Amino acid sequence: MSKPIVGFSKLSKTEKIDWISKSYFKTPEHAKLVLEQYQNSDKKLQQLHDEFIENTVSNYYLPLGVAPNFLINNKLYTIPMAIEESSVVAAASKAAKFWQSRGGFKAEVISTTKIGQVHFMYDGDFSQLQHYFNTIKPQLFNDTNAITQNMRKRGGGVTNIELVNKTNKLDNYYQLHVSFETLDAMGANFINTCLEQFAKTFKNNAANFNTLNGNIKIVMSILSNYVPNCLVKAQVSCPIEQLNDDKNVSPQVFADTFLQAVKIAEIEPYRAVTHNKGIMNGIDAVVLATGNDFRAIEAGIHAYACKNGSYSSLTHASVENGIFKFWIEIPLALGTVGGLTNLHPLVKLCLELLDHPSAKELMQIVAVSGLAQNFAALRSLTTTGIQEGHMKMHLMNILNQHDATPTEKEQITAHFKTNTVSHSAVIEALHNLRGL
Ligand code: MEV
């Protein structure tokens, strides 16, 4: 067991590595070597990564893949995806290719409002508080003028401030519930800075407002990652007879089974969570590649999946007049300026690959990636099952775990073109090849 350490953050990076290597590893030299291997030899680039967070000791790599042939609103995209799960990029590419020849994906941004709240306690008369709020409201806007100036010039800013009475849920609890338009920025810093100013103005002026009895106690000021009015919809559709990719399943049977699978996810939370997890495979990978906050996106989307009181599917499907339709509607607070987007060289590259999208365009791309992923998953699940494709992709991981040489990889991959992949079958094939 290691001893507690005082002043760890003040140590140099080499000293930090030395300390953890000696304190936690049987072979400190090996631990150091691994951490060292993942450092970038370009000193400036490494320093950039070191300074993103506190106590950086190395870099943590994920593969960056690309899925080409995404036709979205008649524009072709190659979508960057940062993800470790073997089958995700292949599934996205397959779905993209399928829909490219059937009119592509259509996507639209429904709304772009973001939310922040000042949470406070007040133990006096509500009508006096309401009166105070109405009086102070113009000053709340005025006092943030300097902060919002640039955003307002570009057409964004604070769009509304409401006083919300929550005392039926929690004694003395009220909010300033604030709506923002942050344009191409995710806007977290902008929103939080405004909120902290609202809190100051609201608290400080209350003291001079002689009709207001009862104290205002600010609890906290923070943006909300629940953004049900920052919404995007993406969809695909085609005549049923065009669902004809699989020779073993008729288009009608394919459509019927697909719809049943979606309906199951709509009403059964156990299935809905896995169904949505597959959607998040597509969403998180693009969110991460474009330098956005995938935790915020995850939290907001899962809350939206419960908006009717029970956790449910984010995608829906219908067949009407012989037309198969499949769509997703999700909240996405994304940015294409600010934060990592101007800093991380790979993020910048991914945004250039996407032709420098606006935040709205990125919302559409990300929603499409989620829909495509869900289409690919449901197509496999309702026909061959997912393990066939999954294990084929996983084959390389197993081979790498056992240090297979390029020739061994080639021979074993050829063998499993006609045999079922399982962990034990791969080991056996490798042993046979090695004459063990
Ligand atoms: C695996 O990462 C995702 C799936 O389980 C999604 C689904 O079941 O729909 C294949």
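Conventions adopted
Residues numbered from 1 in each chain as written. Predicted model: local features only at pLDDT ≥ 70, side-chain atom pairs only at ≥ 80, totals over all residues. Heavy atoms only, no water. Helix = DSSP H or I, 4+ residues; strand = E, 2+ residues; numbered from the N terminus. Buried < 20%, exposed > 50% of the residue type's maximum accessible area, 1.4 Å probe, protein only. Contact = heavy atoms within 4.5 Å. Areas by Shrake-Rupley, 256 points an atom, 1.4 Å probe, with all protein chains shown as cover. Near = heavy atom within 4 Å. Polar contact = N/O pair within 3.5 Å; in protein donor to acceptor, adjacent residues only side chain to side chain. Nonpolar A, V, L, I, M, F, W, Y, C, P; charged D, E, K, R; others polar. Pairing = 2+ DSSP bridges. Axes fitted to C-alpha atoms, helices over the stretch in contact; angles between N-to-C directions. Domains from an automatic or database assignment.

**Looking at the overall build of the chain**
Consideration 1: A count of helices and strands for the chain gives 15 helices and 10 strands.
Consideration 2: Expressed as lengths along the three principal axes of its C-alpha atoms, the size of the chain is roughly 90 × 70 × 40 Å.
Consideration 3: In the chain, which comprises 436 residues, the share counted as buried stands at 43%.
Consideration 4: A separation threshold of at least 6 residues defines the contact pool for the chain, and within that pool the share at least 24 residues apart is 71%.
Consideration 5: Accessible surface, the chain as shown: approximately 22900 Å² in total, 53% of it carbon and sulfur.

**Examining the environment of lysine 32**
Consideration 1: Position of lysine 32 relative to the elements: it lies in helix H2 (residues 28-37).
Consideration 2: A relative accessible area of 23% places lysine 32 in the partly exposed class.
Consideration 3: Considering only alpha carbons, one finds lysine 32 and glutamate 266, 234 residues apart in sequence, at a separation of 49 Å.
Consideration 4: Excluding residues that lie within four positions of it along the chain, lysine 32 makes contacts with Ile17, Asp18 and Ser21.

**Some details on the site of the ligand**
Consideration 1: Taken together, the neighbourhood of the ligand is formed by Glu85, Arg271, Thr274, His275, Lys277, Gly278, Asn281, Ala377, Leu381 and Ile386.
Consideration 2: The contact in question runs from an oxygen atom of the ligand to an N or O atom on the side chain of glutamate 85, over 2.5 Å.
Consideration 3: A distance of 2.7 Å separates an oxygen atom of the ligand from a polar side-chain atom of lysine 277.
Consideration 4: For the ligand, whose accessible area on its own is 300 Å², the fraction buried by protein is 86%.
Consideration 5: At the level of elements, helix H9 (269-289) and helix H12 (359-381) are the ones that each hand at least two residues to the shell around the ligand.
Consideration 6: Per-class residue counts for the shell around the ligand are 3 nonpolar, 4 polar and 3 charged.

**Focus on the sheet that holds strand E9 (residues 315-320)**
Consideration 1: Strand order in this open sheet of 4 strands is E3-E8-E10-E9, and the pairing throughout is antiparallel. Looking along the sheet, the strands with just one partner apiece sit at the ends: strand E3 (106-109) and E9. Sheet twist, expressed as the mean angle between neighbouring strand axes with direction ignored, is 20°.
Consideration 2: Pairing of E3 with strand E8 (residues 231-239) involves 4 bridges; the strand directions are antiparallel. Following the sheet pairing, glutamate 108 is matched in E8 by lysine 233.
Consideration 3: Running over the sheet, H12 touches E3, E8, E9 and strand E10 (323-331) and is turned about 125° from E10.

**Some details on the domain arrangement of the chain**
Consideration 1: For the chain, the domain assignment lists domain 1 (8-50), domain 2 (64-111 + 228-384), domain 3 (114-223) and domain 4 (389-434).
Consideration 2: Computed from C-alpha coordinates alone, the two centres of domain 1 and domain 4 are separated by 34 Å.

**Some words on unusual backbone geometry**
Consideration 1: One non-glycine residue, asparagine 73, adopts positive backbone phi at about 50°.
Consideration 2: Here asparagine 73 is to be found in the loop between strand E1 (64-72) and strand E2 (75-82).
Consideration 3: Judged by its relative accessible area of 33%, asparagine 73 falls in the partly exposed class.

**Let's talk about the pairing of strand E6 (residues 173-181)**
Consideration 1: Buried residues dominate E6, accounting for 8 of its 9 residues.
Consideration 2: Examined bridge by bridge, strand E4 (residues 114-122) and E6 share 8 bridges and lie antiparallel to one another. Among the inter-strand pairings, glycine 116 is bridged to a residue of E6, identified as valine 178.
Consideration 3: Bridge analysis of strand E5 (residues 157-165) against E6 gives 8 bridges, and the strand direction is antiparallel.

**Details of the pairing of E2**
Regular strands place their side chains on alternate faces of the sheet.
Consideration 1: Alignment of E1 against E2, held across 7 bridges, turns out to be antiparallel. The residue of E2 that forms the bridge with isoleucine 72 is lysine 75.
Consideration 2: Hairpin connection between E1 and E2: a loop of 2 residues separates the two successive antiparallel strands, and asparagine 73 in this loop has a positive phi of roughly 50°.

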